[in-house]
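# Chain and residue survey
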Amino acid sequence: MPKILVMYPMPSNMDAFERAYAKEHIPMAAPIFAAAGATKAVLTKISASPAGKPAFHRIAEIHFPSQETLQECAASQAGRDAIAHAHKISNGGPPVVLIGDEEIVTF
C-alpha cells in the first residue's frame, strides 16, 4: 500500500505547533487527501526513543490505493498546498516528506 509520510521535527514552540496542527492543518489537509482518493491517515505522536530525545515529534502517514492515485494527489495544486502548509506550521525545522510502500507482518 503506497503512502506519503510526513515526519515533523521536534517543535521549538510545542503549543503553537500542536494548535496549528490540530486547528489548521488537519482540517485543511484531510478533505484534500480524502477527495484525492486517500484511504486512511495514521497520525502518530512520538512519546519516546530508546536512543534519547526523539528526532521527530509527529509522523503522519496518508495511505492511497495505488501509486498512481498518490502521484496524482502529490502533483495536484491541492496536494502541493497541503504539503506547503505542513512546512508552514513546522516550527522546529522543515518536515521530512517521503513516499513509501507499506509491508505488513502479522504476529
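For the structure itself, look to the data block above.
Residues numbered from 1 in each chain as written. Predicted model: local features only at pLDDT ≥ 70, side-chain atom pairs only at ≥ 80, totals over all residues. Heavy atoms only, no water.

### Describing the layout of surface pockets
Under the convention used in this document: The distinction between a cavity and a pocket rests on a 1 Å grid over the protein atoms alone: a 1.4 Å probe fits inside a cavity but cannot get out, while a pocket stays open yet meets protein on both sides within 12 Å along at least five of seven lines, and a residue with an atom within 4 Å of a point counts as lining. Grid points are joined across faces, edges and corners, and a volume is the space filled by probe spheres set on the points. Runs of H or I in DSSP of at least four residues are treated as helices and runs of E of at least two as strands, each being numbered from the N terminus. Amino acids outside the nonpolar list (Ala, Val, Leu, Ile, Met, Phe, Trp, Tyr, Cys, Pro) and the charged list (Asp, Glu, Lys, Arg) are all regarded as polar, and Gly is one of them.
In this structure, the largest pocket occupies an estimated 220 Å³ of space. Lining of the largest pocket is provided by 19 residues; of these, A29, A30, F33, A41 and I62 occupy positions nearest its centre. Elements with a minimum of two residues in the lining of the largest pocket: strand 1 (2-9), helix 1 (14-35), strand 2 (40-45), strand 3 (56-63) and helix 3 (77-89). Ranked by the residues each element gives to the lining of the largest pocket, the list is headed by helix 1, at seven residues. Its residues placed into classes, the lining of the largest pocket shows 16 nonpolar, two polar and one charged.

### Quick word on the pattern of salt bridges
As a reminder of what qualifies: Note on definitions: salt bridges are taken to be side-chain nitrogens of Lys or Arg within 4 Å of carboxyl oxygens of Asp or Glu. Throughout this description, buried means an accessible area under 20% of the type-specific maximum (1.4 Å probe, protein chains only), exposed means over 50%, and partly exposed covers the range between.
According to the stated counting rule, one finds three salt bridges in the structure shown. The partner of E61 in a salt bridge is K3, with the nearest N and O atoms 2.4 Å apart. Here E61 is found in strand 3, whereas its partner K3 is found in strand 1, with 58 residues between them in sequence. Given a relative accessible area of 10%, K3 falls into the buried group. Between E102 and K3 there is a salt bridge, with its nearest N and O atoms 3.0 Å apart. Of this pair, E102 sits in the segment after strand 4 (96-101) while K3 sits in strand 1; the two residues are 99 residues apart in sequence, bridging distant segments of the chain. The exposure class assigned to E102 is partly exposed, which follows from its relative accessible area of 22%. Put simply, K3, E61 and E102 are held in one network by salt bridges that share partners.

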